[in-house]
Amino acid sequence: MAPCTCSSSLLLMAAAAISQLLLLIPTRCSAKVPAVIVFGDSSVDAGNNNVISTVLKSNFEPYGRDFFDARPTGRFSNGRIPPDFISEAFGLRPFVPAYLDPMYNISDFAIGVCFASAGTGYDNETSNVLNVIPMWKELEYYTEYQQKLRSYLGGKKAYKIISEALYIVSLGTNDFLENYYSSFPIPGTNGGGRRAQFPVVGQFEDFLMLLAEGFIRELHRLGARKISFTGIPPMGCLPLERTTNFMGQHECMEEYNAVAKDFNGKLGAMVDRMNRELPRLRMVFSNPYDKFYEIINKPSAFGFDVVSVACCATGLYEMSYLCNRQSPFTCTDASKYVFWDSFHPTEKTSQILAEYLIKSLLLPTFS
Ligand SMILES: *[C@@H]1O[C@H](CO)[C@@H](O)[C@H](O)[C@H]1NC(C)=O
Ligand SMILES: *[C@@H]1O[C@H](CO)[C@@H](O)[C@H](O)[C@H]1NC(C)=O
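Residues numbered from 1 in each chain as written. Chains lettered and ligands numbered in written order. Predicted model: local features only at pLDDT ≥ 70, side-chain atom pairs only at ≥ 80, totals over all residues. Heavy atoms only, no water.

### Section: the overall build of the chain
Okay, so step 1: When helices and strands are counted, the chain shows 14 helices and 7 strands.
Okay, so step 2: Counting over 367 residues, the chain shows a buried share of 60%.
Okay, so step 3: In the chain, 71% of the contacts between residues at least 6 apart in sequence involve partners at least 24 apart.
Okay, so step 4: Total accessible area on the chain stands at roughly 15,300 Å², and carbon and sulfur atoms take up 57% of it. (Helix = DSSP H or I, 4+ residues; strand = E, 2+ residues; numbered from the N terminus. Buried < 20%, exposed > 50% of the residue type's maximum accessible area, 1.4 Å probe, protein only. Contact = heavy atoms within 4.5 Å. Areas by Shrake-Rupley, 256 points an atom, 1.4 Å probe, with all protein chains shown as cover.)

Structural data, given as structure tokens:
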């Protein structure tokens, strides 16, 4: 592959202090990967939930108000999310469209496609809680995509895209917060039931590890070779978790953060093991935890004013339909906030995290 001659990585290296300025300079490189293909939950969902019957949606204002054309796409953000920045940094489109979005078709998806679904998890029981797309179904859509790609481009070109694309996999938070720690099991689902089955959270982590490994094996079997496997954030510091931390004066739930760190450690070890075991696999562990924790602890160092509550509505508990145009409390400048709604970062936070992973890991490994 031709070496990329643009200076984006150098620029990015200097970015620590002046990242906001530099990130406005578009990166113009020849593409280093032919496509970005995304699996996971709301951390990377570009709008697949718009067309399924779930209450977990975000395709209405004020979501998307800082996106291109101020369009609410179904991203759980005021603007773009990490895969959009990653796609752009690799010289591709500045966003990755959702597979189920009727605005796009296979000619668009040939350079990037997102199969993620907000609210999903490794565990089928997690996707059941809010009736969203389970991981096995994301893989089924991916298989269908491969067929469409073959009939659109022919077998040889399709193979090149499938085997050289960068795959982003990002999920896990919901398995803990919507499922394992859920104190209000939703009727007809097993929400919270895993806690009875696995009384010690480490056992549940190990159960999820098996599912994560199974997912990676299947993705590899289907032809994926370059994978960015994402760790989970300091989930005890999400505004919703602070709001419900009555015992702890609404500080971060350190128990949840400890679980996230422990789980990330296991995921990292799995990534190493899979790289040794699966032929021609090149998988990196993209761990956002430390950088995210740094932002939460020193928000002003990154230009943020507010970290403990979100921008949308009261910022204490609202997301999805509760974060809507009717709230008079929504902040005017989301870039001053670490979190957009009670469960999801603002575009600016996503951008800082994505750029950090891009320059430290993704561009060096995959370009
Ligand atoms: C995809 O959509 C574009 C414009 O909407 C159209 O011109 C094109 O023919 C479509 N391609 C396929 C393969 O359906
Ligand atoms: C999840 O559900 C799918 C479809 O019913 C099934 O094939 C798969 O085995 C389930 N996974 C687990 C771990 O139970």
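### Things to note about helix α6 (residues 135-153)
Okay, so step 1: Taking 1.5 Å of rise per residue, 19 residues should cover 27 Å, and α6 covers 26 Å from first to last C-alpha, within 8% of that figure.
Okay, so step 2: Looking at the buried residues of α6, the elements they touch are β1 (36-40), α4 (106-109), β2 (112-114), α7 (155-164), β3 (166-170) and α10 (201-221).
Okay, so step 3: Looking one or two residues past α6, Gly154 carries a phi angle of roughly 90°, positive in sign. (Expected span 1.5 Å × (residues − 1).)

### Some thoughts on the nonpolar core
Okay, so step 1: Core analysis: the biggest nonpolar cluster contains 97 residues, and Phe39, Tyr142, Tyr145 and Phe229 have the highest contact counts within it.
Okay, so step 2: The element best represented in this core is α10, accounting for 9 residues.
Okay, so step 3: Those residues in contact with Phe229 that sit more than four places away from it in its chain are Tyr122, Val169, Ala212, Ile216, Leu267, Met270, Val271, Met283, Val284, Phe285 and Ser286.
Okay, so step 4: One finds Val36, Phe90, Ala354 and Leu362 within the second-largest nonpolar core, a separate group that totals 22 residues. (Core = buried A, V, L, I, M, F, W, Y, C linked by side-chain atoms within 4.5 Å.)

### Observations concerning unusual backbone geometry
With the exception of glycine, the majority of residues adopt a negative phi angle, and the majority of peptide bonds are in the trans configuration.
Okay, so step 1: With omega at 5°, the peptide bond leading from Glu61 into Pro62 counts as cis.
Okay, so step 2: Its identity as a non-glycine residue notwithstanding, Arg280 has a phi of 60°, on the positive side.
Okay, so step 3: Within the fold, Arg280 resides in the loop between α12 (254-277) and β5 (282-286).
Okay, so step 4: Exposure remark for Arg280: the relative accessible area of 60% places this residue in the exposed category.

### Topic: empty space enclosed by the protein
Okay, so step 1: Counted by the stated rule, this structure contains 3 cavities of 30 Å³ or more.
Okay, so step 2: Size it by volume and the largest cavity reaches roughly 480 Å³.
Okay, so step 3: Surrounding the largest cavity, 31 residues form its lining, Ser43, Pro82, Ser170, Pro233 and Pro345 being those nearest its centre.
Okay, so step 4: For the lining of the largest cavity, the secondary-structure elements that each account for two or more residues are α3 (82-89), β3, α8 (173-180), β4 (226-230), β7 (344-345) and α14 (347-366).
Okay, so step 5: Of the residues forming the lining of the largest cavity, the biggest block, 4 residues, is contributed by α14.
Okay, so step 6: Taken together, the residues of the lining of the largest cavity sort by class into 17 nonpolar, 13 polar and 1 charged. (1 Å grid on protein atoms, 1.4 Å probe; cavity = no way out; pocket = protein on both sides within 12 Å on 5 of 7 lines; lining within 4 Å. Points joined across faces, edges and corners; volume = space filled by probe spheres on them. Nonpolar A, V, L, I, M, F, W, Y, C, P; charged D, E, K, R; others polar.)

### A few points about the site of ligand 1
Okay, so step 1: Close to ligand 1 lie Asn105, Ile106, Ser107 and Tyr152.
Okay, so step 2: Isolated, ligand 1 exposes 360 Å² of accessible area, and the fraction of that covered by the protein chains is 29%.
Okay, so step 3: In the shell around ligand 1, the residues fall into 2 nonpolar, 2 polar and no charged. (Near = heavy atom within 4 Å.)

### Overview of the pattern of salt bridges
Okay, so step 1: Counting across every chain of the model gives 16 salt bridges.
Okay, so step 2: The residue Arg325 makes a salt bridge to Glu61 at a minimum N-O spacing of 3.4 Å. In this pair, Arg325 sits in the loop between α13 (289-297) and β6 (339-341) while Glu61 sits in the loop between β1 and α3, placing the two residues 264 residues apart along the sequence.
Okay, so step 3: The class of Arg325 is exposed, set by a relative accessible area of 60%. (Salt bridge = Lys/Arg side-chain N within 4 Å of Asp/Glu carboxyl O.)

### So, α7
Okay, so step 1: Within the sequence span of α7, burial applies to Ala158, Ile161, Ile162 and Ser163.
Okay, so step 2: Residues of α7 that are buried make contact with α6 and β3.

### Details of the sheet that holds β2
Okay, so step 1: Pairing is parallel in the open sheet, where 5 strands are placed in the order β2-β1-β3-β4-β5. The strands lining the two open edges of the sheet, one partner per strand, are β2 and β5. Neighbouring strand axes in the sheet, compared pairwise and without regard to direction, differ in orientation by 15° on average.
Okay, so step 2: As defined by bridge partners, β1 adjoins β2 across 3 bridges and the pair is classed as parallel. Of the residues in β2, the one forming a bridge with Val36 is Gly112.
Okay, so step 3: α14 contacts β3, β4 and β5 of the sheet and is inclined by roughly 175° relative to β5. (Pairing = 2+ DSSP bridges. Axes fitted to C-alpha atoms, helices over the stretch in contact; angles between N-to-C directions.)

### Brief notes about the packing of α6 against α7
Okay, so step 1: Where α6 meets α7, the closest approach of the two axes is 7 Å, and the angle between their N-to-C directions is 140°. The orientation of α6 relative to α7 falls into the category oblique. The handedness of the crossing between α6 and α7 is right-handed. Within the contact between the two elements, α6 uses Tyr142, Tyr145, Gln146, Leu149, Arg150 and Leu153 and α7 uses Gly155, Lys157, Ala158, Ile161 and Ile162.
Okay, so step 2: A breakdown of the residues in the contact of α6 with α7 according to their chemical character gives 7 nonpolar, 2 polar and 2 charged. (Parallel < 35°, antiparallel > 145°, perpendicular 65-115°, else oblique. Left-handed = near helix turned anticlockwise from the far one by under 90°.)

Honestly, that's just the spatial picture; any functional story needs more than this.
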